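Remarks on the overall topology
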Amino acid sequence: MPSVPSKFLALRIHEEDEKTQARLEHVSLEELTEGEVVIKNSYSGINYKDALAVTGAGKILRSFPLVGGVDVAGTVVESKDPRFKEGDSVIAACSGLSETNDGGYAEYSRLTKEAAIALPEKMDLRTSMAIGTAGFAAGLAIYKMTLNNQRPSMGPVAVTGASGGVGSIATNMLSSMGYEVAAITGKKQNEEYLKQLGASSVIVASENEIGTRPLEKAIFGGAIDNLGGEMLSWLLRATQPEGNVASIGLAADFKLSTNVMPFILRGVNLLGVNSTTLPNDFKQMIWEQIAEKMIPVDIEKIITKEVLLEDAIPEFQGLLDASITGRTIIKIS
């Protein structure tokens, strides 16, 4: 395998005059944050946190400059970690990339041993980044729900923000596992897309009456919520006895106003999903679970766009504007 070139392309994020500036530039391996595993990158993806970081719309980076990209997949070039040898395929996600360490938007990355995960045997590099941080979070939510006895027989699982990256993958994962899915979206025009991913029904949020009663009619077996706020409150009040509601995002509101009725009268379970503080061996196990039991059968429909690294910068604003459906992946090499 060729050695790392003296300079290589990276999308690097700077802070200049108290403003965020993201630009393509050439960097050396020595300029990157420390790590035990050097990989030649093949793919990355665009997540909501990436859009916040690259545009400066959110305070994601803890220091500047850093290479963007919260996840990456590639092939080992050098390793001081005994788990990996030259030529091994590895992935990194939910591990501080583009926050405290340089991320995956570069031709090469230097990963810490805490970040590097072996690519599951039943998954290729491109698929791993089509899943990426978004799909890992969806998979973690489903894992926690099934661990808490969620079953298809309990009724449809609601998925909010269903046409986004997390929602699209969650919809297709659940459908592939035999669950009915009630896809909740703010975009009526995406109804056909969601049905292609396996949604049994599509609920347009603006046309849906969520009610204000302490308990609503129990219409869902469980839910995966990307929104928070009033939507999460309604899902708790509209879930069947012993159903699980996984809270995975706050796209609408970080606040939650609820009451104890769903918990003490129906035994509804509210599950928190935090994919950023997991130990390495647990992350490896979740990736293996995704590859073995949850792989989205319609992943190519979820990949709605693939761009080269040098063409990626214009793509980030679309995620913040909610004009992006599914997943955009970045081909690096």
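Residues numbered from 1 in each chain as written. Predicted model: local features only at pLDDT ≥ 70, side-chain atom pairs only at ≥ 80, totals over all residues. Heavy atoms only, no water.

1. Some remarks on the overall build of the protein chain
The condition that has to hold: By the criteria applied, helices consist of DSSP H or I runs no shorter than four residues and strands consist of E runs no shorter than two, each listed in order from the N terminus. Taken over C-alpha atoms, the radius of gyration is set against a globule rule of 2.2 Å times the number of residues to the power 0.38. Exposure classes here rest on a 1.4 Å probe applied to the protein chains alone. A residue is buried below 20% of its type maximum, exposed above 50%, and partly exposed in between. Any pair of residues with heavy atoms lying within 4.5 Å of one another is described as a contacting pair. For the accessible areas, the method is Shrake-Rupley and the probe is 1.4 Å, while residue cover comes only from the protein chains on display.
Helix and strand content of the protein chain: nine helices and 16 strands. Rg of the C-alpha trace for the protein chain: 20 Å, near the compact-globule value of 20 Å for 333 residues, within the 12% margin. When the 333 residues of the protein chain are sorted by exposure, 57% land in the buried category. Expressed as a percentage of contacts within the protein chain between residues at least 6 apart in sequence, the contacts between residues at least 24 apart total 73%. A total of about 14,200 Å² of accessible surface is found on the protein chain, and carbon and sulfur atoms cover 50% of it.

2. A look at unusual backbone geometry
Glycine aside, residues mostly have negative phi, and peptide bonds are mostly found in the trans state. That bond from Phe64 to Pro65 is cis: its omega, -10°, falls within 30 degrees of zero. Looking at the element boundaries, Pro65 is found in the loop between α1 (48–55) and β4 (66–67). A positive phi angle, near 70°, is found at Asn149, a position not held by glycine. With respect to the secondary-structure elements, Asn149 resides in the loop between α2 (125–147) and β9 (157–160). Positive phi values are uncommon outside glycine, yet Glu242 reaches one of about 70°. With respect to the helices and strands, Glu242 occurs in strand β13 (residues 239–247). On the accessibility criterion, Glu242 (48% relative accessible area) is partly exposed.

3. Thoughts on the sheet that holds strand β2 (residues 19–27)
For the record, the criterion: Here, a strand pair is defined by DSSP locating no fewer than two bridges between the strands.
Strand order across the open sheet formed by three strands is β2-β1-β4, with antiparallel pairing between neighbours. The sheet is open, and its two edges are formed by β2 and β4, each paired on a single side. In terms of strand pairing, strand β1 (residues 8–16) meets β2 through nine bridges, oriented antiparallel. By the bridge assignment, His14 is partnered in β2 with Gln21.

4. Focus: the layout of surface pockets
This is how it is decided: Put plainly, a pocket is an open set of points on a 1 Å grid over the protein atoms alone with protein on both sides within 12 Å along at least five of seven lines, a cavity is a set where a 1.4 Å probe fits but cannot get out, and a lining residue has an atom within 4 Å of a point. Grid points are joined across faces, edges and corners, and a volume is the space filled by probe spheres set on the points.
In this structure, the largest pocket occupies an estimated 1,300 Å³ of space. Counting residues per element, the ones that place at least two in the lining of the largest pocket are α1, α2, α3 (165–176), β10 (181–185) and α9 (316–320). By volume, the second largest pocket amounts to about 190 Å³. Lining the second largest pocket we find Glu15, Glu18, Thr20, Ala53, Gly56, Gly58, Lys59, Ile60, Leu61 and Phe64.

5. Details of the side chain of Ser95
Take Ser95: it is sitting in the loop between β6 (89–92) and β7 (108–111). By relative accessible area, Ser95 is classed as buried at 19%. Among all residues touching Ser95, those that are not within four sequence positions of it are Ala115 and Lys283.

6. What about the pattern of salt bridges?
Here is the rule: One speaks of a salt bridge when a side-chain nitrogen belonging to Lys or Arg is within 4 Å of a carboxyl oxygen belonging to Asp or Glu.
Tallying each qualifying case throughout the model produces 18 salt bridges. The partner of Asp81 in a salt bridge is Arg83, with the nearest N and O atoms 2.8 Å apart. Classification of Arg83 by relative accessible area gives partly exposed; the value is 40%. When salt bridges that share partners are traced, they join Lys7, Arg12, Glu16, Arg23, Glu25 and Glu31 into one network.

These values are about where atoms sit, not about what they do.
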